[in-house]
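Chains, contacts and geometry: an overview
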Amino acid sequence: MKKILFLLVCIASFNIYSVERPDLALDIQHQFVCKSGKSLSGNKYKSACRKLSKTADSMLFMYIDMKDALLFHNQLVSEEGLGSVYSWCKRELVDPTSGLPTRIGVDCVIHATDKKNPIHKGQLAINYIRPNSNLIGINISYLDSNVEYYLELVEVTSSSKSKRILFKKPL
């Protein structure tokens, strides 16, 4: 019994963590669409659209919830500085053993897949609103209106994905 207890104490204090971004650790929340400074998602977002939407393109804004990343991968998030979606997508992770980056050229995109015709529609570039923010914007002008899409945030070098959401572009 003492040997098992000693082994558990050693394992708990060894502090090993993966230096990869985990799948399904990010959650897409609170999405709304703006165009030319006006909300296409109802009055609730009028003020946000006036501040965020400066172009004639349809823009989808999404808040990315990181509570699962913080809860289940706290050491990775805190030691690697991945506390915002910007740093999650832009910061290179360093292998603690070698001191070298695990992946070069990290970035995130939004994958859009048609719900009825599960062909990958494309990768949508992300506009980061502020470096330490979890709010992102995506130009959705080329997506068809009134079609349902599955959207998920994907880190391109590790292929780590967020939880996906169902989205329908307003007319």
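Here the structure is a predicted model, which is why all the values come from computation and not from measurement. What you see as residue numbers is a count from 1 along each chain, following the sequence as written. Given that this is a predicted model, residues contribute local features only at a pLDDT of at least 70 and side-chain atom pairs are listed and counted only at 80 or more, while totals for whole chains, interfaces and linings are drawn from all residues. The side-chain quantities take in all heavy atoms of the structure and omit both hydrogens and water.

1. Points about the overall build of the protein
Helix numbering and strand numbering both begin at the N terminus, where a helix is a DSSP run of H or I of at least 4 residues and a strand a DSSP run of E of at least 2. When helices and strands are tallied, the protein shows five helices and eight strands. In sequence order, the protein lays out its α and β elements as α-β-β-α-β-α-α-α-β-β-β-β-β. Remark: exposure states derive from per-residue accessible area (1.4 Å probe, protein chains only) relative to the maximum for the residue type, with buried under 20%, exposed over 50%, and partly exposed in between. Relative to its full complement of 171 residues, the protein shows a buried share of 39%. A separation of at least 24 residues holds for 58% of the contacts in the protein among residues at least 6 apart in sequence. The criterion used for residue contact is that any of the two residues' heavy atoms lie within 4.5 Å.

2. Here's the deal with the pattern of salt bridges
Salt bridges are counted wherever a side-chain nitrogen of Lys or Arg sits within 4 Å of a carboxyl oxygen of Asp or Glu. Under the counting rule described, the total for this entry stands at three salt bridges. Between Asp 27 and Lys 163 there is a salt bridge, with the nearest N and O atoms lying 3.9 Å from each other. A residue pair is termed long-range when its members are at least 10 positions apart, and Asp 27 in strand 1 (residues 27-35) and Lys 163 in the loop between strand 7 (148-155) and strand 8 (165-168) qualify at 136 residues. A relative accessible area of 26% places Lys 163 in the partly exposed class. A salt bridge links Glu 148 to Lys 115, with the nearest nitrogen and oxygen atoms 3.4 Å apart.

3. Overview of the packing of aromatic side chains
Stacked, tilted and edge-to-face are the three classes applied to pairs of Phe, Tyr and Trp rings, where Trp contributes its six-membered ring and a pair requires centres within 6.5 Å; stacked means planes under 30 degrees apart, edge-to-face means over 60, and tilted covers the rest. For the coordinates displayed, the defined rule picks out three aromatic pairs. Taken together, a centroid distance of 5.5 Å and an interplanar angle of 25° make the contact between Phe 32 and Phe 61 stacked. Placement of Phe 32 in strand 1 and of Phe 61 in strand 3 (residues 58-65) is noted, with a sequence separation of 29 residues between them. For Phe 32, a relative accessible area of 6% translates into the label buried. For Phe 61, a relative accessible area of 2% puts it in the buried group. Where Tyr 86 meets Tyr 128, the ring centres are 5.2 Å apart and the plane angle is 90°; that geometry is what we call edge-to-face. Linking Tyr 86 in helix 5 (residues 85-90) with Tyr 128 in strand 5 (residues 120-128), this pair joins segments that are 42 residues apart in sequence. Charge over a ring is defined by NZ of Lys or CZ of Arg lying within 6 Å of the ring centre and within 35 degrees of the ring normal. Over the ring of Tyr 150 we find Arg 164; its NZ or CZ atom is 3.7 Å from the centre of that ring.

4. Describing the nonpolar core
Among the buried residues, those of types Ala, Val, Leu, Ile, Met, Phe, Trp, Tyr and Cys that are joined through side-chain atoms within 4.5 Å form a nonpolar core. Counting 26 residues, the largest nonpolar core has Met 62, Ile 110, Ile 136 and Leu 153 as its most contacted members. Those elements that provide at least two residues to this core are strand 1, strand 3, helix 5, strand 4 (108-114), strand 5, strand 6 (135-139), strand 7 and strand 8. Within the second largest apolar cluster, seven residues are counted, among which are Phe 32, Cys 34, Tyr 45 and Leu 135.

5. Looking at unusual backbone geometry
Positive phi, normally seen in glycine, also occurs at His 30, with a value near 45°. Looking at where His 30 falls in the secondary structure, it is placed in strand 1. The phi angle at Ser 36 is positive, at roughly 50°, despite the residue not being glycine. Relative to the helices and strands, Ser 36 is located in the loop between strand 1 and strand 2 (38-39). Taking relative accessible area as the criterion, Ser 36 reaches 45% and is therefore assigned partly exposed.

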